[in-house]
Amino acid sequence: MSQSLVFIHAPQAWVIVLLILPTLLFIALLPYYKALRNRDASKSILPTAICVMARFVCLAVVSALLMQPRINQRSTVTEAAPLAVIVDASTSMSHHDTDAGSRSEWARNFINGATLDALESRYDLKYFQAARTLSLSSRDAIINPNAPTSALGESLLEVEAEYRSRRLPDVLLISDGRSNDGRTLEDVASILQQKRMRAFSIGVGTDNSVPDLVLEQVQSAQQVLSGDVGLFTLRLRALSSAAIDSATVELRDQLGNLLDTHAIRQPTADGVQFVLSSQFDQAGDNPLTATVAPAAGEVNLSNNSIKFNLRVLNTRVRVLYVEGKPRWEYRFLKERLIRATNDIEAQCWLAEADRQFEQEHSATTTALRAVPTDVETLLDHYDVIIIGDVSPLQISHDPLASQDFLNSVAKFVESGGGLLMLAGPQYNPLHYLDTTLGNMLPVVIDPQATPLSEEFRPQPSDLAHPHPASLLSTNLQENTALWQNATPLWWMFPSQRLKNGAQAWLVSDSTENEFGPLVVAASHNVPHGRVAFFGTDETWRWRFPAGEKYVQSFWRGALRYLASARLHNNRGRIRLEAERQIVELGEYVTIEARILDSGYKPIIQDDGIPLFNSAGEQVLSLQLVERDGDVSYRGSYRPQQLGDVELYITENSSAKSMVSARLHLNVVLTSKEMADLTLNSSGLQSLATQTDGVYYTADKLQDILDDLDGGQPIVRVIDEQFAFIKPWWVFALFFVAIVSEWLIRKKKNLC
């Protein structure tokens, strides 16, 4: 405890020295002015001076009492100066510059080392992780470099809020200096300087770019039917300033058998997209791995491969084909449906046929006696419905039943079914525009439009990224050549444009309008099923250079694409989906589950549905969402690891019970973070220099303890009291001074 004399109402020092003390001296001198002026030079001036000083002391004592003097009794404690240790936790810190480990692993080892032990004995340390924002951490916390963006500058400014009402600390930043959001390190340096915060920075990484090939999944099938070709669209990126001449990507199964390979010349940072494929005949789960051979000098091999799972289903697509008359398109397509006994189970309905006519069908089914008109029958027996050139009023012999059929088809699609509208010269699509199916079309149709009769060849809408239904060959050049050399068609019903969210399968190679090439075939989701429109009735004319197999491949792929929501999980009764299949590391993705009972009515579980990962751990609880009669379960999931992530739900909400639905996410590195992986030494050095700190490289870390020597300790008051001074000595001083002045003045007769 320390004691000191304080004056509670004392003015500033300059007021006391320049104003109060001269005034008191003048007042004390004034009564003796005449005595000093008329004094005898032979007499001593000492008595007069003593009287003046005595009077001055009296005035000073009175003035001091007016300032309310107190005895200050204070108890204090000395604390170490604060130091904020900030570790960069953005994705770029996961990069490997050497084979010794990633940047974040280097930072982890440094924090656990002897240097931080010494700093903890000198400073009051607080640990933080910086990514999108600044978050409080601890020395033994795990560093997960998975933030999709890094805002180092903004994180440094957030340090002030963490030390509110306390002395602002110096900062020790461990980072590669890469910041792609918010203010730059150079901009923040001037702000920290104004706040008198010194920044010491440690650069992690190298200024030289190390070759790093990154294999990313763009799109891939999660399930196919037995005998189908699985397509896997990948992208290869080269994160290096040095050119890489070539790279080879291989697709292998779980036994190591080579399924496909692709060679890429001079991959770039923007990436080269390509397709790997293989035919799968055996039903079941097929774990697959795509791997790119390491480049010369590459040390980070963690992103050179992608693992994913493909489920092969042994099931048929169940098709209901409704047509008016047996036109050429009907005869051609009907024969293909009926003969494809391994893949398709079809029932046909010719609305204008005689009542005694036996409707055509696959060998595994029976002939229809009437067109089904209730949604339950459609959902139980079919996956895709094809409506050809038939009058919407004459689908059934009963006009009311025809309307019931159209309404049931709309509900069938809303529940996950597929619908294909085949244009014709009489009824489709114009007569359907005012029905319940009109709004479901993926294209905008002009009611006054008329068919076109001129030569054209359908072409994929995007030759570099064709729709799966228009991918006749996985070799994109060969696929383009097949379509360009196919037999031309001569009839098409034109559409104005695609609706929002729709995707074109095929477009005309010779006819266009203000929106671009005329759309021949397109599809979109409505809302849980798929609807496609085919604007020509001349596919029977199709001939491809390599023969009939490509025509069969097209229709097989088109029907399976439309039926995809129905070919798994109890014919679409249980569905687990993500808003997107490819997710950047650290980003959130919405997961949605839909569960219907045997009557295709939604099942309500108020407590939600647990979502599990491949390790059997619950990672999320999907919560019930009811909106306008639509029932689903949703939640936001944030993946924490790269590669293939499997998620699933079960029948009775237990991780060990039977899986009812599953999905796979492909988690990739963030594009912003991986755009430039070189060490930003200039930014880190500028930050340190402008704030009177120091920038350290790996070979100068021994200087840290010399520069960070503990700083100025903080003296904190834990108890403080004010006591009155004892009055007797003040009174004694005043009495002695005034009596002395009076006696000397009288004895010497000074005034």
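Please refer to the structure placed before this passage.
My aim in this report is to walk through the structure given alongside it, one point at a time. The written sequence of each chain sets the order in which its residues are numbered from 1. Reporting of local features is limited, given that this is a predicted model, to residues whose pLDDT is at least 70; pairs of side-chain atoms are given and counted only at 80 or more, and all residues count toward the totals for whole chains, interfaces and linings. Here the side-chain values reflect all heavy atoms present in the structure, with hydrogen atoms and water set aside.

## Side note on the overall build of the protein
Stage number 1. From N to C terminus, the protein includes 18 helices and 37 strands.
Stage number 2. What the globule rule says is 2.2 Å times the number of residues to the power 0.38, and the radius of gyration is computed from C-alpha atoms. What you see for the protein is a C-alpha radius of gyration of 43 Å, clearly larger than the 27 Å of a compact globule of 751 residues, by over 25%.
Stage number 3. Over its C-alpha atoms, taken along the principal directions, the protein stretches across nearly 155 × 60 × 55 Å.
Stage number 4. When burial is assessed residue by residue, the protein has 49% of its 751 residues classed as buried.
Stage number 5. By sequence separation, contacts in the protein at least 24 residues apart represent 73% of the contacts at least 6 residues apart.
Stage number 6. Where accessible areas are quoted, they stem from the Shrake-Rupley method and a 1.4 Å probe; at the residue level, only the protein chains shown are allowed to cover. Roughly 36000 Å² of accessible area belongs to the protein as shown, and the carbon and sulfur atoms make up 51% of that amount.
Stage number 7. Positive charges come from Lys and Arg alone, negative charges from Asp and Glu alone, with His and the N- and C-terminal ends not counted. Charged side chains are reduced to one point each, which is NZ for Lys, CZ for Arg, CG for Asp and CD for Glu. Side-chain charges in the protein split into 67 positive and 86 negative, and the spacing between the mean points of these groups amounts to 13 Å. Secondary structure is summarised from DSSP: a helix means a run of H or I of at least four residues, a strand means a run of E of at least two, and numbering begins at the N terminus for each. Working definition: with a 1.4 Å probe on protein chains only, accessible area under 20% of the residue-type maximum means buried, over 50% means exposed, and in between means partly exposed. The contact criterion used throughout is that any non-hydrogen atoms of two residues lie within 4.5 Å.

## Quick look at the layout of surface pockets
Stage number 1. Using a 1 Å grid laid over the protein atoms alone, points where a 1.4 Å probe fits but cannot get out form a cavity; open sets with protein on both sides within 12 Å along at least 5 of 7 lines form a pocket; any residue with an atom within 4 Å of a point counts as lining. Grid points are joined across faces, edges and corners, and a volume is the space filled by probe spheres set on the points. Here the second largest pocket is characterised by a volume of approximately 440 Å³.
Stage number 2. Lining of the second largest pocket is provided by 21 residues; of these, Glu414, Ser415, Leu596, Tyr600 and Pro602 occupy positions nearest its centre.
Stage number 3. Ranked by the residues each element gives to the lining of the second largest pocket, the list is headed by helix 10 (residues 375–381), at 3 residues.
Stage number 4. Counted by class, the lining of the second largest pocket contains 7 nonpolar, 6 polar and 8 charged residues. Three residue categories are used. Nonpolar comprises Ala, Val, Leu, Ile, Met, Phe, Trp, Tyr, Cys and Pro, charged comprises Asp, Glu, Lys and Arg, and polar comprises the others, including Gly.

## Examining a nonpolar patch on the surface
Stage number 1. A surface patch of nonpolar side chains, amounting to about 510 Å² of accessible area, comprises Trp14, Val17, Leu18, Leu19 and Leu21.
Stage number 2. If you trace the backbone, Val17 turns up in helix 1 (residues 13–29).
Stage number 3. Looking at Val17, the relative accessible area reads 52%, which means it is exposed. Like-charged residues within 9 Å of one another, or nonpolar side chains (Val, Leu, Ile, Met, Phe, Trp, Tyr) within 5 Å, are grouped into patches, provided each residue has over 30% relative accessible area and no salt bridge. For this document, the term salt bridge refers to a Lys or Arg side-chain nitrogen within 4 Å of an Asp or Glu carboxyl oxygen.

## Section: the sheet that holds strand 25 (residues 503–513)
Stage number 1. In this analysis, strands are considered paired if DSSP registers two or more bridges between them. Sheet architecture is open: 8 strands sit in the order 19-18-20-21-27-26-25-23, paired in mixed fashion. Each of the sheet's edge strands pairs with one partner strand only, and the pair in question is strand 19 (344–350) and strand 23 (458–460). The sheet shows a mean angle of 20° between the axes of neighbouring strands, direction not considered.
Stage number 2. Inspection of the sheet shows strand 18 (residues 317–323) paired to strand 19 by 7 bridges, in the parallel sense. Fitted lines through C-alpha atoms give the axes, limited to the stretch in contact for helices. The angle between two N-to-C directions lies from 0 to 180 degrees.

## Some details on the side chain of Arg556
Stage number 1. Tracing the chain through its elements places Arg556 in helix 13 (residues 549–562).
Stage number 2. The buried category is assigned to Arg556, whose relative accessible area is 17%.
Stage number 3. Side-chain polar atoms of Arg556 contact the backbone oxygen of Ser226, separated by 3.4 Å.
Stage number 4. Once residues lying within four places of it in the same chain are set aside, the contact partners of Arg556 are Ser226, Gly227, Asp228 and Asp343. Definition of a polar contact: a pair of N or O atoms within 3.5 Å, with one able to donate and the other able to accept a hydrogen when the atoms are protein atoms, and with sequence-neighbouring residues admitted only if both atoms are side-chain atoms.

## Quick notes on the pattern of salt bridges
Oppositely charged side chains may form a pair once their charged atoms are brought near each other.
Stage number 1. Summed over the entire model, instances satisfying the criterion amount to 27 salt bridges.
Stage number 2. A salt bridge links Arg580 to Glu587, with the nearest nitrogen and oxygen atoms 3.4 Å apart.
Stage number 3. Note on Arg580: relative accessible area 29%, which makes it partly exposed.
Stage number 4. A salt bridge links Glu592 to Arg594, with the shortest nitrogen-to-oxygen separation between them at 3.4 Å.

## Some details on the packing of aromatic side chains
Stage number 1. Stacked, edge-to-face and tilted labels apply to pairs of Phe, Tyr and Trp rings (six-membered ring for Trp) whose centres lie within 6.5 Å, assigned for plane angles under 30 degrees, over 60, and everything in between, in that order. Counted under the stated rule, the structure contains 14 aromatic pairs.
Stage number 2. The interplanar angle of 85° and the centroid separation of 6.0 Å between the aromatic rings of Trp505 and Tyr561 together place this pair among those described as edge-to-face. In this pair, Trp505 is assigned in strand 25 and Tyr561 in helix 13, connecting sequence segments 56 residues apart. In terms of burial, Trp505 and Tyr561 fall into one category: buried.
Stage number 3. Here a set of aromatic residues connected by ring pairs shows up, and it is made of Trp483, Phe534, Trp542, Phe554 and Trp555.
Stage number 4. Placement of a positive charge over a ring is assigned whenever Lys NZ or Arg CZ falls within 6 Å of the ring centre and within 35 degrees of the normal to the ring plane. The side chain of Arg331 reaches across the aromatic face of Trp328, ending 5.5 Å from its centre.
Stage number 5. Taking the ring centre of Tyr561 as reference, the NZ or CZ of Arg530 above it sits at 4.0 Å.

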